[in-house]
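Structure assessment
Residues per chain, in single letters:
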Amino acid sequence: QVQVVEIGGGLVKSGESLTLSCVASGVFLNINIMAWFRRVPGKQRELVARLRPDGPTDYNYFTEGRFLITKGNFNNTVDLRMNRLDPDDTAVYYCYMNGLDRTQRRWDAWGQGTLVAVSS
């Protein structure tokens, strides 16, 4: 069973930056999609950014060039660098990954979420 765990999050002031990291553990053949989602209080969970193995990187409109998703230092990690944070970015941020296991079956994994709170 594959698990993903978010690292980072916390309380920052408006205009500051923060980096979230996510690590996948377990037995798997590969990772295809690496993505970050968020749930703003009172709203549904929404995509923040998504890395594809051989395609374009997707960003939701509200990132407005402020956020950057990249693979971490290891193949099983993904980072989300968030710059010029705004109180509207306050949310629980979730890491999501999927891929194939050794039997060529797809796996999906969600993290528990990490809170990012931006004060004005």
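For the structure, see preceding data.
In this text the structure is predicted, and so the values were computed from the model without any measurement.

**What to know about the overall build of the protein**
- Counting its secondary structure elements, the protein contains zero helices and 11 strands.
- For the protein, the α and β elements follow one another from N to C terminus as β-β-β-β-β-β-β-β-β-β-β.
- For a compact globule of 120 residues, the expected C-alpha radius of gyration is about 14 Å, and the protein comes in at 14 Å, within 12% of that figure.
- Each of the three principal axes of the protein carries a C-alpha extent, and together these read 50 × 25 × 25 Å.
- By the burial criterion, 41% of the 120 residues in the protein qualify as buried.
- For the protein, contacts bridging at least 24 residues in sequence account for 53% of all contacts bridging at least 6.
- As presented, the protein carries roughly 6900 Å² of accessible surface, and 47% of it is formed by carbon and sulfur atoms.

**Re the nonpolar core**
- Counting 29 residues, the largest nonpolar core has W36, V78, L80, M82, Y93 and M97 as its most contacted members.
- At the level of elements, β3 (18–25), β4 (30–39), β5 (46–51), β7 (67–71), β8 (77–82), β9 (91–100), β10 (106–110) and β11 (114–119) are the ones that each hand at least two residues to this core.
- Aside from chain neighbours lying at most four places away, what touches V78 is L20, S21, C22, M34, W36, L51, I69, T70, K71, G72, C95 and M97.
- Counting residues in each nonpolar core, the second largest holds six residues, with A35, F37, Y94 and Y96 among its members.

**Examining the environment of F62**
- Within the secondary structure, F62 is located in the loop between β6 (58–59) and β7.
- Using a relative accessible area of 8% as the deciding quantity, one classes F62 as buried.
- Residues F62 and D89, 27 residues apart in the sequence, show an inter-C-alpha distance of 8.9 Å.
- Once you skip the residues sitting within four places of it in the chain, F62 turns out to touch R38, E46, L47 and V48.

**Remarks on the environment of R66**
- Along the chain, the position of R66 falls in the loop between β6 and β7.
- Here F62 takes part through its backbone oxygen, which lies 2.8 Å from a polar atom of the side chain of R66.

**Comments concerning unusual backbone geometry**
- Phi angles above zero are rare outside glycine, and E64 is one such case at about 45°.
- Here E64 is to be found in the loop between β6 and β7.

About the thresholds
- Residues numbered from 1 in each chain as written.
- Predicted model: local features only at pLDDT ≥ 70, side-chain atom pairs only at ≥ 80, totals over all residues.
- Heavy atoms only, no water.
- Helix = DSSP H or I, 4+ residues; strand = E, 2+ residues; numbered from the N terminus.
- Rg over C-alpha atoms; globule rule 2.2 N^0.38 Å.
- Buried < 20%, exposed > 50% of the residue type's maximum accessible area, 1.4 Å probe, protein only.
- Contact = heavy atoms within 4.5 Å.
- Areas by Shrake-Rupley, 256 points an atom, 1.4 Å probe, with all protein chains shown as cover.
- Core = buried A, V, L, I, M, F, W, Y, C linked by side-chain atoms within 4.5 Å.
- Polar contact = N/O pair within 3.5 Å; in protein donor to acceptor, adjacent residues only side chain to side chain.

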